[in-house]
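Results of the structural survey
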Amino acid sequence: MAQIDDFLWTYQNLLASLGVNGLLALSMYVVLAIGQLSLGQAAFMGLGAYASALLTLKLDAPFPAVIAASMLVPAAVALVIGAPTLRLSGVYLALATVSLGEILRVVLVESDLTGGALGLSGIPEKAGLPLIFACLALALVAFTLICRSRIGRAMEAIREDEIAASASGIDLPAYKMAALVASAMLAGLAGALNAHISSFISPNEYGFDAAVTILSFALLGGIGSPFGPVIGAFILTLLPELLRPLHDYRLVVNGLIIVFAVLFMPHGLLVWPIGRIGAKA
Amino acid sequence: MLGQQIINGLVAGSAYALFALGLTLMFGVLGVVNLTYGFYFAVGAYLALLAAGAGAPIALALPLAAILAGLVAVVLDFLLLTRLRRTRAPELASLMVTLGATLFLYSAMSALLGSEIRRFPAGLLDNGAFALGAYRISVGQILIVGTAVLLSLGLVSLMGATRTGLAMRALAENSDASELMGVDTQAIMRRVSFLSGALGGAAGVLIGLEYNAIAPYMGEAMTLKGFAIIILGGLGNIGGALAAGLLVGVLEALTAGYVSSVYKEAVGFLLLVLTLWVRPQGLFGRPGARRA
Amino acid sequence: MTRPLLQISGLSVRFGGLTAVDRLDLTVEAGAIHGLIGPNGAGKTTAFNLIAGAVRRSAGEIRLDGAPVEGLPPYARVRRGLARTFQNIRLFGEMTALENILAGMHTRLKGSLFEILLRPDKTRRVERDAVTEARALLDFVGLAAVARRRAGELSYGDQRRVEIARALAAAPKLLLLDEPAAGMNPAETRALSELLQRVKARGVTVLLVEHDMGLVMRLCDKITVLNFGRKIAEGAPREIRADRQVIEAYLGAESAHALASP
């Protein structure tokens, strides 16, 4: 019996991380889709995870409110980070989001409220697999619909040429900010779901390596469609589990994926463009 | 206490300034955000460690490490960025490629050399110290500041007074135009890569000496800090990078002394975020710097 | 009966110590093709960018159909009826010609985020109608055949046409063209001239910055000449051709140019 329980437990963890990583990949996708780079996805996730865990543990807040807060807190931080940087060239957002991650890590380690370096444990398991995958499915449907609309086309236009997009009447600042905020909300949601299924969170989970791993999900899958990043996340979550030796070299593999994807396959390794009316036949 | 903290901060800050100088050179002239820069920092520190372990004095180990780090920079720049330059890929592409490469390089480095913290052999530096009123400055600290000042002055005069420097500045302004003007941009780019790699490597040796702790991932944190510093200083602004490096060094020392040594690590980033809010062109940048 | 569409008064911009455009007054009549010319460095491209919103003015007013637009960013000016093309063509190269036009229609397409998420049927209808209109526009510029080709792989002349069609897709009152004939051979230039006449016939007013003097003289109803950031002449092509100041400005610039180059 114990063995079966063990097996189920591992199995559940793997499935949960598939769903959570899928959401994280989508959160990266929204930003990449408008030609920006955020290295703060792990930090947004951490903000969502800690905000939700604290609300549950300290205030015993109702779960829907916890989920809402896990999206609103990172959204507010995204506004603060995005307002000054999105007007400048893309490098500034990338570096400012890196800074966000570092500041968050230091604050989490130092603060007693968040349990310091040990993190928070004993978070009740309120987010089952059905909820996680429902969120992922909902997000995928939403992005597919957006992709096929004038908003998706405007995002692609911004990614290709900001100046021409602006000259076509596309409100650049609003689009960029909306994308960053949506991305932060998704990552925060992923963090909250993850915290409420794995019962334990610590500052180390939201560091620079995690941010880069999330980027490699999206680059492996490509940003031609929202399905690409999710498939990328699935592959990079499953592969190390199937090939144990790969586990120790995860960072190396992620690094190589990023290098090769950008150098040789700028449209992603899995090209699967979403059909928009009027798009490539 | 306060004075001693400031002195220690200026010492670390001068090494930061040197590091930021190479980074801003790379960014300003080559026009790429190259995250492998921190790798040269770590490479420099390890090479000096190896040389010192083999019995070389610091006067030999430091330049040797810097030169080899410069050569590594040339090779990596060639492997990673030639293709992106040719296809005129967007700025963020170079950032992502070098990001991926650093993950690989750091992992490889810790696999080869082990991830534990290493220290320079005892007796590499004279243990003596000078008293300056109530304050102490060690021989090592003087070496650090002296090297940083010397190399910075060297670079500034190179940029200002030589043909290579002129070509570099032309390249920083406009690479297409300078190519048309008959500047061998490839050769200049190689030189800039070498110089910035060597500056990064030298900074790695100096920081390694100051804290006497060398580890493969030391470059990762430093790269991020370096970018915070050059944005503070105004991207591509050499004087700004130097000043911001010193500023961050001092503020870190004061934070470590009066607040907490953990928060010290966040000083640069906090400054960066504040700067972006108040003066996105950097503390010392000209207004209207790099817009989207 | 003419009606002023674009009214510029006292428009100036300074970069550092240089005054690139100096107290420019300019009125473009509705329905006209208005040329803006001048020797190299005269400030015409800067004036163009001021009108399009790519450069921020130091002083002065820009009114479109009576409403001030000088404080608006480029994308907001598109909504007011100002569309532009670029001197170095800027298409969305990875998108098809048709998608480029659809992107140009962005401001006119209906559908908020909520409608897009909750009423996919409606979005599909909007998109289908938009494609019909975009095809008609491509047809108008003579490119119906390449609708589904990647814009980046089209010929230079075709790319220009796609760009003009993309600007027209915003249904502008005023179309701003920045050196549309640059890099074109005589046959392409003739075709462009013919296209612009048809644009005018659609009722779209055109402001044309152009180097090709033949094209400007043939096409424009009125021409404004700039030199050193100032307006030195204005009038019908016939008057401009005879204007002593204009001839001097060009001759001076030409001979200076001749002296400078070996």
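Our subject is the structure listed above.
Residues numbered from 1 in each chain as written. Chains lettered and ligands numbered in written order. Predicted model: local features only at pLDDT ≥ 70, side-chain atom pairs only at ≥ 80, totals over all residues. Heavy atoms only, no water.

Quick word on the overall build of chain A
Applied cut-off: Only DSSP runs of H or I covering at least 4 residues are called helices, and only runs of E covering at least 2 are called strands; the numbering of each starts at the N terminus. Pairs of residues are marked as contacts when any of their non-hydrogen atoms sit within 4.5 Å. For the accessible areas, the method is Shrake-Rupley and the probe is 1.4 Å, while residue cover comes only from the protein chains on display.
Each helix and strand in chain A was counted, giving twelve helices and two strands. Listing the helices and strands of chain A from first to last along the sequence gives α-α-α-α-β-α-α-α-α-β-α-α-α-α. For chain A, contacts bridging at least 24 residues in sequence account for 80% of all contacts bridging at least 6. Accessible surface for chain A amounts to roughly 10400 Å². Of this, 70% is attributable to carbon and sulfur atoms.

Some points on the overall build of chain B
Short version of the rule: Just to be clear, the radius of gyration here is over C-alpha atoms, and the globule rule we use is 2.2 Å times residues to the power 0.38. When accessible area is computed with a 1.4 Å probe and restricted to protein chains, residues below 20% of their type maximum are described as buried, those above 50% as exposed, and intermediate ones as partly exposed. Two residue types count as positive, namely Lys and Arg, and two as negative, namely Asp and Glu; His and chain ends fall outside the count. For charged residues, the charge sits on one atom: NZ in Lys, CZ in Arg, CG in Asp, CD in Glu.
Assigned secondary structure in chain B consists of eleven helices and two strands. The linear arrangement of helices and strands in chain B, starting from the amino end, is α-α-α-α-β-β-α-α-α-α-α-α-α. Relative to its length of 292 residues, chain B is compact, with a C-alpha radius of gyration of 19 Å against a globular reference of 19 Å. Judged by the C-alpha coordinates and their principal axes, chain B covers about 55 × 45 × 35 Å. In chain B, buried positions account for 54% of the 292 residues. Sequence separation of 24 or more characterises 77% of the internal contacts of chain B that already satisfy a separation of 6 or more. Carbon and sulfur atoms form 67% of the exposed surface of chain B, whose accessible area is close to 12300 Å². Positive and negative side-chain charges in chain B, numbering 17 and 12 respectively, have mean positions lying 4 Å apart.

Some details on the sheet that holds strand β8 (residues 205-209) of chain C
Residue and element names in this part refer to chain C. Cut-off, in case you're wondering: Being paired, for any two strands, means DSSP has found at least two bridges between them. Fitted lines through C-alpha atoms serve as axes, helices being fitted only where they are in contact, and the angles separating the N-to-C directions of these axes extend from 0 to 180 degrees.
Strand order in the open sheet formed by six strands is β6-β7-β8-β3-β9-β10, and the pairing between neighbours is mixed. The outermost strands of the open sheet, each flanked by one partner alone, are β6 (82-84) and β10 (230-235). When strand polarity is set aside, the average angle formed by the axes of neighbouring strands in this sheet is 20°. Strand direction decides the pairing type here: strand β9 (residues 222-227) and β10, joined by five bridges, are antiparallel. Counterpart to Thr224 in the pairing with β10 is Glu234. Here helix α6 (residues 156-168) sits on the sheet and contacts β6 and β7 (174-178); the angle it forms with β7, its principal contact strand, is near 155°.

A short note on the packing of helix α2 (residues 37-53) of chain B against helix α4 (residues 91-113) of chain B
Residues and elements named next belong to chain B. The cut-off we apply is this: Put simply, angles under 35 degrees are roughly parallel, angles over 145 are roughly antiparallel, angles from 65 to 115 are roughly perpendicular, and the rest are oblique. Each helix crossing is assigned a hand: it is left-handed if the near helix lies turned anticlockwise from the far helix by less than a right angle, otherwise right-handed if that turn is clockwise.
Where α2 meets α4, the closest approach of the two axes is 11 Å, and the angle between their N-to-C directions is 20°. In terms of orientation, α2 lies roughly parallel with respect to α4. Note that α2 runs across α4; the crossing there is left-handed. Residue-level contacts link Gly38, Phe39, Ala42, Val43 and Tyr46 of α2 to Leu105, Tyr106, Met109 and Leu113 of α4.

Things to note about the pairing of strand β1 (residues 4-15) of chain C
All names here are of chain C. In this sheet, strand β2 (residues 18-29) lies alongside β1 in antiparallel orientation, the contact comprising eight bridges. The residue of β2 that forms the bridge with Ile8 is Leu26. Here β1 folds back onto β2 in antiparallel fashion, the turn holding two residues, of which Gly16 has a positive phi close to 60°. Direction of pairing for β1 relative to strand β4 (residues 59-64): antiparallel, over a ladder of five bridges. Within β4, the residue paired with Leu6 across the bridge is Leu64.

Structural notes on the arrangement of the chains
With two pairs of chains in contact overall, the greatest share of contacts is found between chains A and B. Where chain B comes nearest to chain C, the C-alpha atoms are still 11 Å apart, and the two do not contact one another.

Some remarks on the packing of aromatic side chains
Short version of the rule: To pair, rings of Phe, Tyr and Trp, with the six-membered ring standing in for Trp, must have centres within 6.5 Å; the planes then decide the type, stacked if under 30 degrees apart, edge-to-face if over 60, and tilted in the middle. In this scheme, Lys NZ or Arg CZ marks a charge over a ring once it lies within 6 Å of the ring centre and within 35 degrees of the ring normal.
Summed over all chains, the structure comprises seven aromatic pairs over all chains. Taking the centre distance of 6.1 Å and the plane angle of 65° together, the rings of Phe39(B) and Tyr106(B) count as edge-to-face. Taken as a pair, Phe39(B) in helix α2 and Tyr106(B) in helix α4 lie far apart in primary sequence, 67 residues in all. With relative accessibility at 10%, the residue Phe39(B) sits in the buried group. Here the aromatic rings of Tyr106(B) and Tyr217(B) are separated by 5.6 Å at their centres, their planes lie at 40°, and the arrangement is tilted. Pair noted here: Tyr106(B) is in helix α4 and Tyr217(B) is in the loop between α8 (185-211) and α9 (218-233), with a separation of 111 residues, a long-range link. An aromatic cluster of at least three residues, connected via ring pairs, comprises Phe19(B), Tyr37(B), Tyr40(B) and Phe41(B). A cation over a ring is seen here: Arg90(C) above Phe86(C), with NZ or CZ 5.6 Å from the ring centre. Its end group placed over the ring of Phe140(C), Arg202(C) keeps NZ or CZ at 4.5 Å from the ring centre.

Let's talk about the interface of chain A and chain B
Short version of the rule: As used here, buried area is the combined drop in accessible area, with a 1.4 Å probe, of two parts when they are placed together. One speaks of a salt bridge when a side-chain nitrogen belonging to Lys or Arg is within 4 Å of a carboxyl oxygen belonging to Asp or Glu. Under this definition, polar contacts are N or O atom pairs within 3.5 Å; protein pairs additionally need one hydrogen-donor-capable and one acceptor-capable atom, and for neighbouring residues in sequence, both atoms have to be side-chain atoms. Gly falls in the polar group here, along with every residue not listed as nonpolar (Ala, Val, Leu, Ile, Met, Phe, Trp, Tyr, Cys, Pro) or charged (Asp, Glu, Lys, Arg).
On the side of chain B, 37 residues touch chain A, which itself brings 42 residues to the contact. For the pair chain A and chain B, the two sides together bury roughly 3800 Å², of which 80% comes from carbon and sulfur. Looking only at chain A, the three residues that lose the most surface to chain B are Tyr92(A), Leu95(A) and Leu263(A), adding up to 17% of its buried area. At the junction of chain A with chain B, the criterion picks out zero salt bridges. Where chain A touches chain B, the interface holds two residue pairs in polar contact (both at pLDDT 80 or more). Contributing elements (two or more residues each) for the side of chain A that touches chain B: α3 (63-85), α4 (90-110), α9 (208-221) and α12 (250-264) of chain A. For the side of chain A that touches chain B, the element with the most residues is α4(A), which contributes 14 residues. Tallied by class, the residues present in the side of chain A that touches chain B amount to 28 nonpolar, eight polar and six charged.

Structural notes on the environment of Gly160(B)
By the element assignment, Gly160(B) lies in helix α5 (residues 139-161). Measuring from C-alpha to C-alpha, the distance between Gly160(B) and Phe104(B) comes to 37 Å, with 56 residues separating the pair along the chain.

Here's the deal with the interface of chain A and chain C
On the side of chain C, 33 residues touch chain A, which itself brings 32 residues to the contact. Around 2900 Å² of area is buried between chain A and chain C when both sides are counted, 62% of it from carbon and sulfur atoms. Linking chain A with chain C are two salt bridges. A salt bridge links Asp161(A) to Arg90(C); its shortest N-O distance comes to 2.8 Å. Every element with two or more residues in the side of chain A that touches chain C is listed here: α5 (129-147), α6 (150-160), α7 (162-167) and α8 (172-198) of chain A. Among the elements that line the side of chain A that touches chain C, the one with the most residues is α6(A), at seven residues. Residues that form the side of chain A that touches chain C fall into these classes: 17 nonpolar, six polar and nine charged.

As for the pairing of β9(C)
All names here are of chain C. Counting buried positions over the six residues of β9 gives five, a clear majority of the element. Of the pairings in the sheet, the one linking strand β3 (residues 33-37) to β9 comprises four bridges and is parallel in character. Its bridge partner being in β9, Ile37 is matched across the sheet by Val225. Once β9 ends, the chain turns through two residues before running back antiparallel as β10, passing Phe228 with a positive phi of about 50°.

Observations concerning the environment of Ala144(C)
Residues and elements named next belong to chain C. Looking at the element boundaries, Ala144 is found in the loop between α5 (120-140) and α6. Residue classification places Ala144 among the partly exposed positions, given a relative accessible area of 38%. Separated by 66 residues in sequence, Ala144 and Val78 place their C-alpha atoms 25 Å apart. Every residue in contact with Ala144, bar those within four places of it in the chain, is listed here: Leu138 and Asp139.

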